[in-house]
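# Tertiary structure, described
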Amino acid sequence: MNKRNATRESPLSRGGAMFLMCILAVYFLLPIYFLIVAATKPEGDLVSTFGLAFSHFNLFQNLSTLFGRENGIFAMWALNSVMYAVLGAGVGTLISALCGYALAKFKFRGREFLFSVILGGVLVPTTALALPLFLLFSATGLVNTYFAVFLPSIVSPFGVYLARIFAAASVPDELLESARLDGAGEFRTFFSVSFRLMTPSLVTIFLFQFVGIWNNFFLPMVMLQKESLFPITLGLYEWNGQTARVPLLQVSVITGSLVSILPVIVVFIVLQRFWRTGLASGALK
Amino acid sequence: MTDLATRTTRVAAAPGRRRGHRGGGPRAGTIIAFLLPFVLPFVLFYLVPVGYAVWQSFQVVRRTGGQYGTPYTAFGGFQQYTQAFQNSEFWSSIGRIGLFGIVQVPAMLVAALLMALLLDSPLLKFKSFFRVAAFMPYAVPGVIAAIMWSFLYSPQLSPVVDLLKGIGLQPNFLGPGAVLWSTANVSTWLWTGYNMLIMYSALQSIPQELYEAAKLDGANNWAIAWRIKVPIIGPSIILTTVFSIIGTLQLYAEPAVLRQISSNISSTYTPNMLAYAVASGNNYQQAAAISVVLAVITFVLSFGFMRLTMRRTGL
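Please read all numbers here as calculations on a predicted model, not as lab measurements.

Looking only at helices and strands, one finds 14 helices and 2 strands in chain B. A compact globule built from 315 residues would reach a C-alpha radius of gyration of about 20 Å, whereas chain B, at 27 Å, exceeds it by more than 25%. Taking the principal axes of its C-alpha atoms as reference, chain B extends roughly 80 × 70 × 35 Å. A burial count over chain B gives 41% of its 315 residues as buried. Considering only contacts in chain B between residues 6 or more positions apart, those separated by 24 or more positions represent 69%.

Attention shifts here to the overall build of chain A. When you go through chain A residue by residue, the secondary structure sums to 15 helices and 0 strands. Relative to its length of 285 residues, chain A is extended, with a C-alpha radius of gyration of 24 Å against a globular reference of 19 Å. Expressed along its principal axes, the backbone C-alpha trace of chain A runs to roughly 75 × 70 × 30 Å. Counting all 285 residues of chain A, 44% fall into the buried class. A separation threshold of at least 6 residues defines the contact pool for chain A, and within that pool the share at least 24 residues apart is 73%.

Here we come to the interface of chain B and chain A. Between chain B and chain A, the residue contacts involve 83 residues of the former and 81 residues of the latter. Looking at which element gives the most residues to the side of chain B that touches chain A, the answer is helix α2 (residues 28-57) of chain B, with 17 residues. Grouping the constituent residues of the side of chain B that touches chain A by class yields 61 nonpolar, 17 polar and 5 charged.

The subject of this paragraph is the pairing of strand β2 (residues 71-75) of chain B. Residue and element names in this part refer to chain B. Counting buried residues in β2 gives 0 out of 5 residues, a small share hidden from the surface. Relative to β2, strand β1 (residues 59-63) runs antiparallel, the two sharing 5 bridges. Counted as the bridge partner of V61 is T73 from β2.

With that settled, consider the domain arrangement of chain A. All names here are of chain A. Segmentation of chain A into domains returns domain 1 (2-65) and domain 2 (66-284). Spacing between the C-alpha centres of domain 1 and domain 2 amounts to 31 Å. On the side of domain 2, 12 residues touch domain 1, which itself brings 10 residues to the contact. Residue assignment for the side of domain 1 that touches domain 2 shows that the elements contributing at least two residues are α2 (11-39), α3 (43-48) and α4 (59-68). Across the side of domain 1 that touches domain 2, the residue classes break down as 6 nonpolar, 3 polar and 1 charged.

Turning our eyes to something else, we now look at helix α11 (residues 234-249) of chain B. With 16 residues, α11 of chain B extends 23 Å from end C-alpha to end C-alpha; this agrees with the ideal 22 Å at 1.5 Å per step. Looking only at α11 of chain B, the buried set comprises S236, I237, L239, T240, T241, S244, T248 and L249 of chain B.

The next thing to look at is the nonpolar core. Counting residues in each nonpolar core, the largest one holds 162 residues, and the members touching the most others are C99 of chain A together with A116, M199 and I290 of chain B. For this core, the leading source of residues is helix α8 (residues 179-204) of chain B, giving 15 residues. Taken domain by domain, the makeup of this core includes at least three residues from each of domain 1 (2-65) and domain 2 (66-284) of chain A. In contact with I290 of chain B, not counting residues within four places along its chain, are A84, F90, P271, L274, A275 and V278 of chain B.

Further remarks concern helix α8 (residues 146-153) of chain A. When we look at burial in α8 of chain A, the residues that qualify are A148, V149, P152 and S153 of chain A. Seen end-on, α8 of chain A carries its buried residues on one side only, within an arc spanning 115°. Next to the buried residues of α8 of chain A lie α5 (73-105), α7 (126-140), α11 (186-215) and α12 (218-223) of chain A together with α2 of chain B.

This part is about the environment of F173 of chain B. Residues and elements named next belong to chain B. Tracing the backbone shows F173 in the loop between α7 (159-166) and α8. The buried category is assigned to F173, around which 22 C-beta atoms lie within 10 Å. F173 sits 147 residues away from P26 along the chain, and the two C-alpha atoms are 61 Å apart. Those residues in contact with F173 that lie beyond four places of it in its chain are Y153, A178 and S182.

Before going further, it helps to examine the packing of helix α4 (residues 88-120) of chain B against α8 of chain B. Residue and element names in this part refer to chain B. Contact geometry for α4 and α8: axes closest at 7 Å, N-to-C directions at 40°. Taken together, the axes of α4 and α8 are oblique relative to one another. When the axes of α4 and α8 are compared, the crossing they make is right-handed. Across the contact of α4 with α8, the residue classes tally to 18 nonpolar, 6 polar and 2 charged.

Let's shift gears to the environment of A25 of chain A. Along the chain, A25 of chain A turns up in helix α2. Overall, A25 of chain A belongs to the partly exposed group, with 18 C-beta atoms counted inside 10 Å. The residues contacting A25 of chain A, other than those within four sequence positions of it, are F130 and A133 of chain B.

Residues and elements named next belong to chain A. It is the contact of helix α6 (residues 111-123) with helix α9 (residues 157-170), at a shortest axis distance of 8 Å, that shows an interaxial angle of 130°. The orientation of α6 with respect to α9, classified from their angle, is oblique. The handedness of the crossing between α6 and α9 is left-handed. Of the residues in α9, those in contact with I118, L119, G121 and V122 of α6 are P157, F158, V160 and Y161. Class assignment for the residues of the contact of α6 with α9 results in 7 nonpolar, 1 polar and no charged.

The rules behind the values
- Residues numbered from 1 in each chain as written.
- Chains lettered and ligands numbered in written order.
- Predicted model: local features only at pLDDT ≥ 70, side-chain atom pairs only at ≥ 80, totals over all residues.
- Helix = DSSP H or I, 4+ residues; strand = E, 2+ residues; numbered from the N terminus.
- Rg over C-alpha atoms; globule rule 2.2 N^0.38 Å.
- Buried ≥ 20, exposed ≤ 12 C-beta atoms within 10 Å, placed from the backbone.
- Contact = placed C-beta atoms within 7 Å.
- Nonpolar A, V, L, I, M, F, W, Y, C, P; charged D, E, K, R; others polar.
- Pairing = 2+ DSSP bridges.
- Domains from an automatic or database assignment.
- Expected span 1.5 Å × (residues − 1).
- Core = buried A, V, L, I, M, F, W, Y, C linked by C-beta atoms within 7 Å.
- Arc of directions from axis to C-beta.
- Axes fitted to C-alpha atoms, helices over the stretch in contact; angles between N-to-C directions.
- Parallel < 35°, antiparallel > 145°, perpendicular 65-115°, else oblique.
- Left-handed = near helix turned anticlockwise from the far one by under 90°.

What follows is the structure, encoded as structure tokens:
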């Protein structure tokens, strides 16, 4: 059908559309391309050669400098980011799924009230939470620990919102009713039946939360002083602030930025379809 | 499927339920066990800090007996708020963010809508390439995006500056007038693809038959896009607008990174930076008041925008 339509469009509007999209694609890809080129250059070439053209290939040297700095602290930051994001999003998805499922499938008093309070949480600016949380955590001794970043990260009101929509759409009531008649407890039914039916949407929730935590900067900045607990974002930010005094750090900031975004970009492209289902349901209902 | 069918007949046939409770649903204890793993951290790490910030914003620090006495906190009414409203840095940070939002949010959303419509039209080839290219920046943390762009803004390193100089321009992306828009560009780069994908997903779920009738009536693609597609995906556009407003008001990482290379960004450039700077000076009560004002503005704007557009368009 699309093909028949395509022949009806004038070549002029087709050409114009392609041209516009190509310019936009260049805009989106240019900084990433620049970063790839810059990460392969030795320090001197950064200023002396044109930024979009390769010169001396020095990537492996740059990588070994990057990972060798301060006893391999970059690898530690990378590991921290993975721990915060994978564990945080894993636990977060599970508790969002349980809560969203209960909101969708169980009838109880105060259900809609609870849902609106959680939904209101979507609108609370998370940066507004960081400072009061810092004070509360310093009173309990949690500041400057792994949990200071991990614990607030597991809460995702948007995840509950998505889980409720997905549970309502993908788990039929008849199935739950028959599982109940078979004598299966609610938790067993959830983990053996509903969880499997909700899996594609749970991947979506996991991805959103993973990116949210991975990209988070303000919360770790407020909570952490110990460099060994930093996520990549905070570590690179600190290094970037020192490049004026230590110009050699610039190459490591560039190489480190590239190393930290490439794996996530690959995961993104591989898991594309989950984003689209998530964005569609999130936006429409 | 047959299994399901026999089970449902058993539902109808079973006169009494096996589990001894009435009403069909699970017990209250079970429901609580489902809700609590989320609700407890939600209360501890969302509601309690909000309540604490509000409470703190009504406190003031006083000292017993003069300048060197022991400090203690006491109820101060709206004193912190009056102080915030009298602070010129507070107003200039709000003004900056307001200007940023009025220009950047519509520009980004119009670009996102245009791209979504083009991707949904039969005009383009290589659609999945364009979609991925636009969405890719969403995978990049704001801090790293700002670091990348700061290289492209830097007079020493940037190939963009080199190219523009080649055609006789003297760009200064970090100058006093330009740096706000350089920050806006980082946000636009990060979020256009995300917003585009929300709108595109909504467009994809419109049934094709809807367009057939319009085409038979002789409507061209522009008319179909403008009169049919855009109104139908209205809720998605509203959603992206609300998210963008919230994001703009929270702006911190991007200007904080650009501040590392530009003296034209002060430590109180955005409301969030101001709140952080004030808190770093140990004036937590004042920082709390600023955060509360910011959260109230966020609520009013996002709810206000939703109410307004929903009444207008009757969605």
